[in-house]
Amino acid sequence: MAATMGRDKSAEKSLGVLHGRIKEARVLMVGAGGIGCELLKNLVLTGFGEIHIVDLDTIDLSNLNRQFLFRTEHIKKSKALVAKESAGRFNPNVKIEAYHDNIKDPRFNVAWFKTFGIVFNALDNLDARRHVNKMCLAANVPLIESGTTGFNGQVQVIKKGETECYDCTPKDPPKSFPVCTIRSTPSQPIHCIVWGKSYLFAEIFGTSEDEAPELDHSEDSENAKEVANLRKEAQALKRIRESMGSEDFPRLVFNKVFKEDIERLRSMEDMWKTKRAPEALDYDKLLEESLGCGPAVAQRDQVVWTTAENFAVFVDSLRRLSNRLDETRASAEVGNAAPILAFDKDDVDTLDFVVASANLRSHIFGIETRSKFDIKQMAGNIIPAIATTNAMTAGLCVLQAFKVMRDQLDKAKFAFLTRSTERVIASESLQKPNPHCATCGVAYATLLVDTKRAKLSDLVEDVLKAQLGYGDDFSVKREADLLYDVDEDVHLEKTFEELGVKADSFITISDEADKDARVDVVFSVIEQDAADDAKPISLPEELVIAKKPKKPVVETNGHAETNGKIDATMHTNGTTNGATKRKADEADLEDDITRKKGKVMEAANGTKDDVVVIEDDGAIVLD
C-alpha cells in the first residue's frame, strides 16, 4: 500500500491535473503481443484506472524472448488472460478486463467502443488494424496506432475529423508472384505455401484466385496458353467443390490437385528439360501409409511431418473446414455474397490445411518440406521483433496519449523510431484527414431499428428519401451484399430480420447522383423495439451529410490529370510519401519474407526527418 501511494505521489507531481484523469480513464488495448506486453505494463504503472485487453492469440514458445509477461508454463494459454494476471501484480489498484476473442466479434460493437476514452492498437496485421480504425471513427474515440519491425517503429495519433486515419495514406500495393510460378513451376517452399494459402484454400473455401493479391495474372506471349490451362483447372476444382460434405470429397480434391494436375504438368516435357519433373501422389497408397496417424500429429508444430502424416492432416483439416463451411451456409443471412472462409495464421483448421497442402506439393516437386511452426511464420509473415524497439514504441504510445487526454492534439506527433548509424526518434506533425479517404471521408451515424417490423422500404422511403433528401440514384449495402439500388429492388418488402441485418451491423449508403453527390453514410444499426404506433426505424439525431469533394487536378509531365490516373502517392511537407517498390530476386526471397509488413522507410529524398510508414497485409512478391 505504501509503495502504491508513493508511486501515485510521484506520478501526481509529474502529471499534475492529468493524473486525476488517468486514474478515472477507461481505455482499450487491442493486442497483447510484443508491443502489447510493454504497453500494458506502462498503462498499469502509470495508473490508468480501467484497462480492457482483447487478443485472440495464444502464447507460443517463440514469444518468450520478448513478451516478458509470459513464462514457459503459460505456453498454449490465452495471451490476454495471462497478460491480465501478470500485469495485475504491478498495480493492484488498476482494474483489468481481458477477452480471449477476436476484436471483430459482433459483441465489440460501436456502442462498446464508445465506452472508452482512448484506444491503443498493438496489432500485427492490416485487417484488424483497419477494423479498429473504422470502429474508433464510428464511435468517435481517439486511437493510438503503433507498429514495429526489427529496429524500426511508429506511433500515430488518429482522431475523427482532425487527423489522418489509418487508411488515409495509401499503403504499399500487395506483392504478388507470377501465377505460372506458383501453379506450374515452384522451386522454393514459399511458392508451395502461397499455392496452398492463396490458390487451393481460396478455391475450395474462399474466393476465386483472381481475387488473391499474392498471385499475378498478367499474361504475355509465352505464358498466355499456360494461364488459360490453369483457369480450366480452377473451373474443374470449383465443380469438385460442389461435392463438399460427401464421403468422396477429400479423394476428389486430392486426386485433382496432387495427381491429375501434376500428370498434366509432367506431360509437358519441354518444361522439365533442365529441372526435375514433378511426381504425382497416389491417394490409396498414402491412405494405407497414414493408418495410425491420429490428430496428435498436427500438435507437433516444430517437427517436419512425413508425407503420410501430411496426408493425414490434409484429409482431416479438409473435413474440419468442410463442416465449418456447411455450418456457415446453414446459418447464412439473406444477401448475394456466398459464405466463405478466410485463412488466418492463428486459426488451427486453416493453418493445418495450408501446412499439409504446401508440404505435399513440396514433396511432389522435390522441394524441402517445412514444419508447421516455420510455415506459420512464412504464411503469416511473422518475424521475431526486438524487445527494445517494442519497449520504446510502447513508451511513445503513452506519451502521445497524454497529449490527447490534455486536449493538446496540436502537440501530438506522428513518431518514428528508425536506425541508420544509431537509433533515432523522428517525428512529423499530424496531417489533416484525406478528404478522399473511403474510411474517414464518410459520415458515421446510428440508426434505431425494430428489426422485426422495419422493412428495407422504410429505410429507403421514410429515412433516405423523405428525411435525408436522397434522389433515386443511391445504393444500400451491407458489406459486400447489395441490398438495394435503382435496379435491385427485390428486397424492399423484406424486414431487416429477414435480410439478416441485425444489431451492430453496418449499412453503407452511397449517393450515386451525377451532380452534387454526398459522401457515403455508414449507419450502425441499433436494435430497439418500437411501439406499435411508432415508426419502426428512425434517426436518433440530426444528420448533416457533406458533399463529395472534387477530385484534385495534379500536374504530371506537363499534363493535368486527375488522381484516378496517377500512382497513389501522398504529398506531405513538400515531399512525396509514396511507396517505393523494392526489388527482390529468388535468392533473396526467403530473407525478404522475414521482414514484417508495417515497415518504416526513409522518404525518397533520403532525409531522416521525412519518413514514410508502409503497411500491407502480409502478401509476398517475386518480381
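Small disclaimer: the values here were computed from a predicted structure and weren't measured.

Reading guide: rules and limits
- Residues numbered from 1 in each chain as written.
- Predicted model: local features only at pLDDT ≥ 70, side-chain atom pairs only at ≥ 80, totals over all residues.
- Heavy atoms only, no water.
- pLDDT = per-residue confidence, 0-100.
- Contact = heavy atoms within 4.5 Å.
- 1 Å grid on protein atoms, 1.4 Å probe; cavity = no way out; pocket = protein on both sides within 12 Å on 5 of 7 lines; lining within 4 Å.
- Points joined across faces, edges and corners; volume = space filled by probe spheres on them.
- Nonpolar A, V, L, I, M, F, W, Y, C, P; charged D, E, K, R; others polar.
- Core = buried A, V, L, I, M, F, W, Y, C linked by side-chain atoms within 4.5 Å.
- Buried < 20%, exposed > 50% of the residue type's maximum accessible area, 1.4 Å probe, protein only.
- Helix = DSSP H or I, 4+ residues; strand = E, 2+ residues; numbered from the N terminus.
- Phe/Tyr/Trp six-rings, centres within 6.5 Å; stacked < 30°, edge-to-face > 60°.
- Salt bridge = Lys/Arg side-chain N within 4 Å of Asp/Glu carboxyl O.
- Pairing = 2+ DSSP bridges.
- Patch = residues over 30% accessible without salt bridge, like charges linked within 9 Å, V, L, I, M, F, W, Y side chains within 5 Å.
- Areas by Shrake-Rupley, 256 points an atom, 1.4 Å probe, with all protein chains shown as cover.
- Lys, Arg positive; Asp, Glu negative; His and termini not counted.
- Charge placed at Lys NZ, Arg CZ, Asp CG, Glu CD.
- Polar contact = N/O pair within 3.5 Å; in protein donor to acceptor, adjacent residues only side chain to side chain.
- Axes fitted to C-alpha atoms, helices over the stretch in contact; angles between N-to-C directions.
- Parallel < 35°, antiparallel > 145°, perpendicular 65-115°, else oblique.
- Left-handed = near helix turned anticlockwise from the far one by under 90°.
- UniProt positions renumbered as here; feature names shortened; annotations may be inferred.

Considering every residue of the protein chain, the mean pLDDT works out to 81; 78% of them sit at 70 or more. Predicted confidence for residues 209-217 stays below pLDDT 50, and this span has 33 contacts to residues more than four positions away or in other chains. This model gives residues 558-623 a pLDDT under 50, and the stretch forms 154 contacts once residues within four places in sequence are excluded.

Bringing the layout of surface pockets into the picture now. Once rolled over the atoms, a probe with the size of a water molecule shows which space is left empty. Its boundaries defined by the atoms lining it, the second largest pocket holds a volume of some 200 Å³. Taken together, 13 residues line the second largest pocket, and the ones lying closest to its centre are Pro-435, Cys-440, Gly-441, Val-442 and Val-519. Looking at the lining of the second largest pocket residue by residue, the classes come out as nine nonpolar, three polar and one charged.

Here the focus is the nonpolar core. With 50 residues, the main nonpolar core has Leu-200, Ile-204, Phe-205, Phe-254, Phe-258, Phe-314 and Phe-353 as its most contacted residues. Elements with a contribution of two residues or more to this core: α8 (189-205), α9 (224-241), α10 (249-266), α11 (283-289), α12 (307-330), α13 (348-364) and α14 (372-379). When residues of this core are assigned to their parent elements, the largest contribution, 10 residues, is made by α8. Excluding anything up to four places from it in sequence, Phe-205 contacts Arg-241, Met-244, Leu-318, Leu-321, Ser-322, Leu-325, Ile-340, Leu-341 and Phe-353. Counting 44 residues, the second largest nonpolar core, distinct from the first, contains Ala-87, Leu-396, Val-398 and Phe-416.

To continue, consider α14. Extensive coverage of α14 is indicated by the burial of seven of its eight residues. All buried positions along α14 are accounted for by Lys-372, Phe-373, Ile-375, Lys-376, Gln-377, Met-378 and Ala-379.

Scanning the entire structure with this criterion turns up 21 aromatic pairs. When the ring of Trp-195 is compared with that of Tyr-199, the centres are 6.0 Å apart and the planes differ by 40°; the resulting orientation is tilted. Remark: Tyr-199 and Trp-195 occur in helix α8; sequence separation between them is four residues, near one turn of the helix. With centroids separated by 5.5 Å and ring planes inclined at 45°, the aromatic side chains of Phe-201 and Phe-205 adopt a geometry described as tilted. Taken together, the residues span about one helical turn, with Phe-201 and Phe-205 both in helix α8 at a distance of four residues. Here Phe-201 and Phe-205 have matching classes, each one buried.

On to unusual backbone geometry, then. Of note in the backbone geometry, Glu-479 takes a positive phi value of approximately 55° without being a glycine. Within the element layout of this structure, Glu-479 appears in the loop between β12 (474-478) and β13 (481-484). When its relative accessible area of 73% is taken as the criterion, Glu-479 is described as exposed. The phi torsion at Asp-516 lies on the positive side, around 55°, for a residue other than glycine. Locating Asp-516 in the fold gives a position in the loop between β14 (506-511) and β15 (521-527). For Asp-516, a relative accessible area of 48% corresponds to the partly exposed category.

Next up on the list: the pattern of salt bridges. Per the stated rule, a full pass over the model turns up 33 salt bridges. Taking the shortest distance from any N to any O, the salt bridge between Arg-320 and Asp-349 comes out at 2.7 Å. One end of the pair, Arg-320, is in helix α12; the other, Asp-349, is in helix α13, with 29 residues separating them in the sequence. You can call Asp-349 buried: its relative accessible area is 16%. Residues participating in the shared-partner salt-bridge network are Asp-316, Arg-320, Arg-324, Asp-347, Asp-349, Asp-352 and Lys-372.

An order of β13-β12-β14-β15-β11-β16 is seen for the six strands of this open sheet, with the pairing classed as mixed. Strands at the two margins of the open sheet, each flanked by one partner only, are β13 and β16 (537-538). Taken together, the two bridges between strand β11 (residues 443-449) and β16 define a ladder with antiparallel strand orientation. Across the sheet, residue Val-449 finds its bridge partner in β16, namely Ile-537.

Attention now goes to a negative patch on the surface. Among the surface-exposed residues, Glu-497, Glu-498, Glu-527 and Asp-529 lie close enough to one another that they form a single negatively charged patch. Relative to the assigned elements, Glu-497 resides in helix α17 (residues 496-499).

Turning next to the side chain of Asp-55. Looking at the element boundaries, Asp-55 is found in the loop between β2 (50-54) and α4 (79-88). The buried charged residue Asp-55 lacks any salt bridge, with Lys-79 as its nearest oppositely charged partner at 5.5 Å. In this structure the side chain of Asp-55 is engaged in a polar contact, spanning 2.6 Å, whose partner is the backbone nitrogen of Ala-32. With sequence-adjacent residues up to four places away left out, Asp-55 is seen in contact with Gly-31, Ala-32, Gly-33, Lys-79, Ala-80, Tyr-99, His-100 and Asp-101.

Let us now look at the packing of α8 against α13. Put simply, α8 and α13 touch, their axes get as near as 8 Å, and they point 125° apart. In terms of their interaxial angle, α8 and α13 are classed as oblique. As α8 runs across α13, the sense of the crossing is right-handed. Residues Pro-189, Cys-192, Ile-193, Trp-195, Gly-196, Lys-197, Leu-200, Phe-201, Ile-204 and Phe-205 of α8 pack against Thr-350, Phe-353, Val-354, Ser-357, Ala-358, Arg-361 and Ser-362 of α13.

Let us look at the UniProt feature "binding site: Zn(2+)" (unreviewed entry) in the protein chain. When the UniProt feature table is mapped onto this chain numbering, "binding site: Zn(2+)" (unreviewed entry) sits at Cys-165, Cys-168, Cys-437 and Cys-440. Look at the named residues: they lie 276 residues apart in sequence, but the longest C-alpha span between them is just 8.5 Å, so in the fold they bunch up. Checked against the lining of the second largest pocket, the annotated residues reduce to Cys-440. Tracing the backbone shows Cys-437 in the loop between β10 (423-429) and β11. Leaving out residues up to four positions away in the same chain, Cys-437 has contacts with Cys-165, Asp-167, Cys-168 and Val-442. The topology assignment puts Cys-440 in the loop between β10 and β11. Exposure remark for Cys-440: the relative accessible area of 17% places this residue in the buried category. When residues no more than four places from it in sequence are discounted, the contact partners of Cys-440 are Leu-137, Cys-165, Cys-168, Pro-433 and Asn-434.

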